[in-house]
Amino acid sequence: MDGNGRWAKERGLPRREGHRAGAESVREIMEACKELGVEYLTLFAFSSENWSRPAAEVHALMALLERFLREKAKDLDRQDVRLLAIGQLDRLPAKTRTLLDSIIARTASHSSMTMVLALSYGAREEIVAAARSLATDTAAGRLLPEAIDAELFSSRLQTTGIPDPDLLIRTSGEMRISNFLLWQISYAEIVIVKKNWPDFREGDLFEAVEEYQRRHRRFGAL
Ligand code: IPE
Ligand code: MG
């Protein structure tokens, strides 16, 4: 979800107004994914690098996240959506973390769709943590190096149990991945959309899915 700041700047508004408008897109996209029958929706909401933004912006983003969680809790129940989170969640403010944990627990049995929030998330950190956990097991004699394969490696990532994404959408026209799910997107189809995230709504999602449907996925084979 990129381009909230630019969206606000174009309108002469403070950046937090862009984030507020972006939260509306999240609501709409979540419902649209549910309607389309998408089983897993992962949103890159806050990166491990975003902590270096000015404190006021970080604070505004956390406040928005809390508001979103509080307001969305009932809808997640009603729509049978399960919430999960990946990232260095222990870096979140205690209040935010407690709220997040409570909604994850409360929606654990929902099964129509899973919404994964990537919060304080960085793919390199995730991969390093997986490597470290395998190294720890190997050093302790619990694991033979030869037993390490892609499947075992995947199981040590935070996304264990979550299928790899089929489609990756990036808004605001940026042609880069920015440390998002580096391992998991190996075969994802990438759609770059020019619109900033606050302008990305249901119709844009449908267009991206249509684009995805026109692609021929070969997974390296013929
Ligand atoms: C995406 O919008 C939202 C977050 C990173 C939290 P940005 O805040 O990155 O907006 P731009 O890229 O400055 O326009
Ligand atoms: Mg950005």
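Structure shown above.
Sequence order as written defines residue numbering, which begins from 1 separately in each chain. Ligands are numbered from 1 and chains lettered from A, in the order in which they are written. Only residues with pLDDT of 70 or above have their local features reported here, since the model is predicted, and side-chain atom pairs are shown and tallied only from 80 upward, although totals for entire chains, interfaces and linings are computed over all residues. Heavy atoms throughout the structure, all of them, feed into the side-chain values; hydrogens and water do not.

Enquirer: Which residues make up the pattern of salt bridges, and what are the values?
Expert: One speaks of a salt bridge when a side-chain nitrogen belonging to Lys or Arg is within 4 Å of a carboxyl oxygen belonging to Asp or Glu. Evaluation of the coordinates by the stated rule reveals 28 salt bridges. Between arginine 20 and glutamate 17 there is a salt bridge, with the nearest N and O atoms lying 2.9 Å from each other. Here arginine 20 and its partner glutamate 17 are both found in helix 2 (residues 15-36), three residues apart, which amounts to about one turn of the helix. Exposure remark for glutamate 17: the relative accessible area of 21% places this residue in the partly exposed category. For arginine 27, the salt bridge goes to glutamate 24, with nearest N and O atoms at 3.2 Å. Here the residue arginine 27 and the residue glutamate 24 both occupy positions in helix 2, the gap between them amounting to three residues, near one helical turn. Using a relative accessible area of 16% as the deciding quantity, one classes arginine 27 as buried. Through salt bridges that share partners, Asp166, Glu189, Glu211, Arg214, Arg215 and Arg217 make up one connected network. The helix and strand labels rest on DSSP assignments: H or I over at least four residues marks a helix, E over at least two residues marks a strand, and numbering proceeds from the N terminus. For each residue, the accessible area found with a 1.4 Å probe, counting protein chains only, is set against the maximum for its type, and the residue is called buried under 20%, exposed over 50%, and partly exposed in between.

Enquirer: Which residues make up the packing of aromatic side chains, and what values do they have?
Expert: Centres within 6.5 Å are what make two rings of Phe, Tyr or Trp a pair, Trp counting through its six-membered ring; a difference in plane orientation under 30 degrees is then read as stacked, over 60 as edge-to-face, and the rest as tilted. Counted according to the given criterion, the structure contains seven aromatic pairs. Ring centres of phenylalanine 44 and phenylalanine 180 lie 4.7 Å apart, and the angle between their planes is 15°; this geometry places the pair in the stacked category. With phenylalanine 44 in strand 1 (residues 40-47) and phenylalanine 180 in the loop between strand 4 (167-170) and strand 5 (189-192), this residue pair connects regions lying 136 residues apart in the sequence. By relative accessible area, phenylalanine 44 is classed as buried at 17%. Taking relative accessible area as the criterion, phenylalanine 180 reaches 7% and is therefore assigned buried. An aromatic cluster is present here, built from Phe44, Tyr121 and Phe180 joined pairwise through their rings.

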